[in-house]
Amino acid sequence: MPMISSERIGVAFDMAGCPNRCRHCWLGMGGNQTLSQTDVRWGVAQFREFIQQADTPIRTLAVSTHFREPDLRDDYRDLYDLETELGDGKPNRFELLSIWRIARDRTYLPWAKSVGPDTCQITFFGMQETTDWFYRRSGAFVDALTATERLLDQGMKPRWQIFLTTKLLPELDDLLALQEKITGSYDEFNVFLNLPGPEGEASKLEHLRPTIDQVSDLPEKLLTTSRRHMNKEILWSTEAELVSEILSAPFLKEERTEDLWFFVCSNWDVYSNIGTLDPWWCLGNLKTDSVETILRRYDNNEVPGLKGLVQFLPESLVKEFGNANGQKIYANRHDLLALYSDKLCKREWGRK
């Protein structure tokens, strides 16, 4: 991976964990161990001291008090103020709110609307039994429907993200009918399809990834809204198509448009948002390693996951793990290579 070249990085702290244990989550299943506001102040101070003293292009630091479910703690308003105080610029909410809290706290949405944005993404995997199964939480589907209605009542915009798996396909028509019953039309109400990534918990869902034939008759209106949301015409390609593409241009630079963030877990282990929270991506521990050491390990690819990205080129990953006739669909070549990289890491550095 290239050295840090951005003038802006982010640091996010897992202060409260998550009410769910989602099967599609690339971050895996974290616990609910907590960090305090004092802990976060101390952690941010470590990064601030490094930025001020080191010769790097980093000039600004974004701060988040979560990287799983936002606003899960009862002191969510104080934590928003803390992010504003400690970070440079207004906290970026990424159009995400706590669905769990929306369904339980009537005072939450008026506050959320006041700080913005006015759009909230809600994830579905099918009807009730299927959605609860993916969340690993009974009641998750009902919470999502309740959140949809309360957002509309508040004059806010719910956006349904529907994950495309073979468990969804027989339930899609019923789910869209329910959505239109609640909202009237999904032309104005943003609803789109997404494919699970291949990393973290989602690596266990490959048996549910559909083939190109299985998605040949999806509703055109849903495909249109999905293209519009994703801002791309081709929503997915088969493994065979992507393997051919990679082999014809193996050294094509992979597009990474997201900002660089460092995730600080409740046990103080630090990861970047390139890779998962598996051990081979761990950059160090903020209590025992300096920020300088942690960022040096990132810059120099000194941890197994990053080493693998450098040492095992796309062509070799495809030749070892790829299926030249594969008909399962992936969002892009980056996702497919992430699948192969995950297989490599588990083989080389996973627990025996």
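Residues numbered from 1 in each chain as written. Predicted model: local features only at pLDDT ≥ 70, side-chain atom pairs only at ≥ 80, totals over all residues. Heavy atoms only, no water.

1. Points about the overall build of the protein
For clarity, the threshold we go by: By the criteria applied, helices consist of DSSP H or I runs no shorter than four residues and strands consist of E runs no shorter than two, each listed in order from the N terminus. Atoms considered for the radius of gyration are the C-alpha atoms alone. The globule rule reads 2.2 Å times the number of residues to the power 0.38. Using a 1.4 Å probe on the protein chains alone, a residue whose accessible area is under 20% of its type maximum counts as buried, one over 50% counts as exposed, and one in between counts as partly exposed. Note on definitions: a residue-residue contact is assigned when non-hydrogen atoms from the two residues lie within 4.5 Å. Only the protein chains shown count as covering a residue, and every accessible area follows the Shrake-Rupley method with a 1.4 Å probe. The charge count includes Lys and Arg as positive and Asp and Glu as negative, but it does not include His or the ends of the chains. The atom standing in for a charge is NZ when the residue is Lys, CZ when it is Arg, CG when it is Asp and CD when it is Glu.
Along the backbone of the protein there are 13 helices and ten strands. In summary, the protein has a C-alpha radius of gyration of 21 Å against a globular reference of 20 Å for 352 residues, a match within 12%. Here the protein holds 352 residues, and the buried ones make up 54% of them. Nonlocal contacts in the protein, meaning residues at least 24 apart in sequence, comprise 72% of its contacts between residues at least 6 apart. Within the structure as shown, the protein displays about 16400 Å² of accessible surface, and the carbon and sulfur contribution to it stands at 48%. If the 42 positive side-chain charges of the protein are averaged to one point and the 53 negative ones to another, these points end up 3 Å apart.

2. Some remarks on the pairing of strand 3 (residues 119-124)
Within strand 3, six of the six residues are buried, leaving the element largely enclosed by the surrounding structure. Going residue by residue along strand 3, you find Thr119, Gln121 and Thr123 tucked away on one face and Cys120, Ile122 and Phe124 tucked away on the opposite face as well.

3. So, the sheet that holds strand 2 (residues 60-64)
Counted only if it meets this: Strands qualify as paired when DSSP identifies two bridges or more between them.
With mixed pairing, the five strands of this open sheet are ordered in space as 2-1-7-8-9. Only two strands of the sheet have a single neighbouring strand rather than two, namely strand 2 and strand 9 (284-285). Pairing geometry for strand 7 (residues 261-264) and strand 8 (residues 269-272), over three bridges, is antiparallel. Across the sheet, residue Val264 finds its bridge partner in strand 8, namely Val270.

4. Considerations on helix 1 (residues 37-53)
One turn of an α-helix holds 3.6 residues; hence residues three or four places apart share an orientation. Applicable threshold: Expected helix span is given by 1.5 Å per residue-to-residue step, counting one fewer step than there are residues. Directions drawn from the helix axis to the C-beta atoms are what define this arc.
Relative to the 24 Å expected for 17 residues at 1.5 Å per residue, helix 1 spans 24 Å between its end C-alpha atoms, a close match to the ideal helical length. Among the residues making up helix 1, those that are buried are Val40, Gly43, Val44, Phe47, Arg48, Phe50 and Ile51. On an axial view of helix 1, the arc spanned by its buried residues comes to 165 degrees, and they lie on one face. When the buried face of helix 1 is taken as reference, the exposed residues oriented beyond 90 degrees from it are Thr38, Gln52 and Gln53. Looking at the packing, one finds that the buried side of helix 1 touches strand 1 (8-13), strand 2, helix 2 (76-86), strand 7 and helix 10 (291-299).

5. Considerations on the pattern of salt bridges
Here is the rule: What counts as a salt bridge is simple: a side-chain nitrogen of Lys or Arg found within 4 Å of a carboxyl oxygen of Asp or Glu.
Following the criterion strictly, the structure yields 22 salt bridges and no others. Glu206 is paired through a salt bridge with Arg209; the nearest N and O atoms lie 2.9 Å apart. Judged by its relative accessible area of 14%, Glu206 falls in the buried class. Taking the shortest distance from any N to any O, the salt bridge between Arg347 and Glu320 comes out at 2.0 Å. Residue Arg347 is located in helix 13 (residues 333-349), and its partner Glu320 is located in helix 12 (residues 314-321); the two are separated by 27 residues in the primary sequence. On the accessibility criterion, Arg347 (36% relative accessible area) is partly exposed. Through salt bridges that share partners, Asp74, Arg101 and Asp105 make up one connected network.

6. Quick word on the environment of Met127
Mapped onto the secondary structure, Met127 falls in the loop between strand 3 and helix 5 (128-135). What makes Met127 partly exposed here is its relative accessible area of 24%. The spacing of Met127 and Leu176 is 49 residues in sequence and 9.8 Å in space, taken between C-alpha atoms. For Met127, the contacting residues outside a window of four places in its chain are Phe141, Glu171, Asp174, Leu175 and Leu178.

7. Things to note about the packing of helix 6 (residues 140-153) against helix 7 (residues 172-183)
This is how it is decided: Geometry is summarised by axes, namely lines fitted to C-alpha atoms with helices restricted to the contacting stretch, and by angles between N-to-C directions that run from 0 to 180 degrees. Roughly parallel means an angle under 35 degrees; roughly antiparallel, over 145; roughly perpendicular, 65 to 115; everything else is oblique. Handedness of a crossing follows from how the near helix is turned relative to the far one, being left-handed for an anticlockwise turn of less than a right angle and right-handed for a clockwise one. Residue classes follow a fixed rule: Ala, Val, Leu, Ile, Met, Phe, Trp, Tyr, Cys and Pro count as nonpolar, while Asp, Glu, Lys and Arg count as charged, and any other residue, Gly among them, counts as polar.
Where helix 6 contacts helix 7, the axes come no closer than 10 Å and their chain directions differ by 30 degrees. Accordingly, the angle class assigned to the pair helix 6 and helix 7 is roughly parallel. Along this stretch, helix 6 crosses helix 7, giving a crossing that reads as right-handed. Of the residues in helix 7, those touching helix 6 at Phe141, Leu145, Thr148, Glu149 and Leu152 are Leu175, Leu178, Ile182 and Thr183. Of the residues belonging to the contact of helix 6 with helix 7, the class tally is six nonpolar, two polar and one charged.

8. Digging into the sheet that holds strand 4 (residues 157-163)
Spatially, the three strands line up as an open sheet ordered 3-4-5, and their pairing is parallel. Single-partner strands in this sheet number two, and they are strand 3 and strand 5 (191-194). Strand-to-strand twist of the sheet, defined as the mean angle between neighbouring strand axes without regard to direction, takes the value 25 degrees. In terms of strand pairing, strand 4 meets strand 5 through four bridges, oriented parallel. Its bridge partner lying in strand 5, Trp160 is registered against Val191. Contacts between helix 6 and the sheet are confined to strand 3 and strand 4, with strand 3 contributing the most and set at about 155 degrees to the helix. Sitting on the sheet, helix 8 (residues 220-230) is in contact with strand 4 and strand 5, with an inclination near 80 degrees to strand 5.

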